[in-house]
Amino acid sequence: MVCQECGKRPATLHFTKIVNGDKNEFHICENCAREKGEMIPGTSNGFSIHNLLSGLLDFEPLSAAKSQAIRCDSCGLTYSQFSKLGRFGCGSCYQSFSVKLDPLFKRVHGNIVHVGKVPKRSGGIIQSKREIDLLKKDMMTCIESEEFEQAAQIRDQIREIEKKIAGM
C-alpha cells in the first residue's frame, strides 16, 4: 500500500479513526509521519500516539504562554503538561481544562453530555425522564413555530408521564 500523504513510498503506519460512526483509515509512510512530527515505533525516538491523535482531530494546542496560564488548582498540572502526558493529574483537572476539553469531546464523541445505556431493572424512571426532556424540547419548538394545539397535546403527554413516575 502506498502512503496517502506523498503517494511515493510504501505506507508503514496504519490506523483507523472513527468519529460519529464515520470510519476513516489512514496509511502513512515513515518519512511523512516524521515530517508531521510523529515518531515511529522501533526507532530511537519512540512513538507519540497523543500527538498523532491530536493532529488527526485538528486539535489546536495552545501557545506555551497560554498553556502555562491554565493550571489545575488541586494538583498543579498545566494544560501543556496534560497535552504531553495525555492523562489528568486528578479529578479536578476536568473542570480546570474544560474550556479546551468541551470542543475536543464534541469533535470526538459528537456530544459533551454522556447519554449511555440505561440498566433495565432501574431504568424505567430514567427513561421516562429522558422522554420528558425530549417532549419538552418538542413542545418548545411547537411554541416557537406557534403550533399551540400540538404544544398542548405534548404538554398533556408530559403530565401523563409525570403521573406515572409519581406512582412508581
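Scroll up to find the structure this text is about.
In this report, we go over the structure that sits alongside the text. Please read all numbers here as calculations on a predicted model, not as lab measurements. (Residues numbered from 1 in each chain as written. Predicted model: local features only at pLDDT ≥ 70, side-chain atom pairs only at ≥ 80, totals over all residues. Heavy atoms only, no water.)

Moving on to the overall build of the protein. Along the backbone of the protein there are eight helices and two strands. The secondary structure elements of the protein, listed N-terminal to C-terminal, are β-β-α-α-α-α-α-α-α-α. Here the protein holds 168 residues, and 26% of them are scored as buried. Contacts in the protein between residues at least 24 apart in sequence constitute 29% of all its contacts with a sequence separation of at least 6. When the accessible surface of the protein is summed, it comes to about 12,100 Å², and 52% of that surface belongs to carbon and sulfur atoms. (Helix = DSSP H or I, 4+ residues; strand = E, 2+ residues; numbered from the N terminus. Buried < 20%, exposed > 50% of the residue type's maximum accessible area, 1.4 Å probe, protein only. Contact = heavy atoms within 4.5 Å. Areas by Shrake-Rupley, 256 points an atom, 1.4 Å probe, with all protein chains shown as cover.)

Another aspect to go through is the environment of Glu-30. Mapped onto the fold, Glu-30 is located in helix 1 (residues 30–35). Between the C-alpha atom of Glu-30 and that of Thr-12, which follows or precedes it by 18 residues, the distance is 6.2 Å.

A one-sided burial pattern is seen for strand 1 (residues 13–19), the buried positions being Leu-13, Phe-15, Lys-17 and Val-19 and the unburied ones His-14, Thr-16 and Ile-18. As paired elements, strand 1 and strand 2 (residues 22–28) share seven bridges and run antiparallel to each other. Counted as the bridge partner of Ile-18 is Lys-23 from strand 2. Linking strand 1 back to strand 2 in an antiparallel pair, the connection comprises two residues, with Asn-20 at a positive phi of about 50°. (Pairing = 2+ DSSP bridges.)

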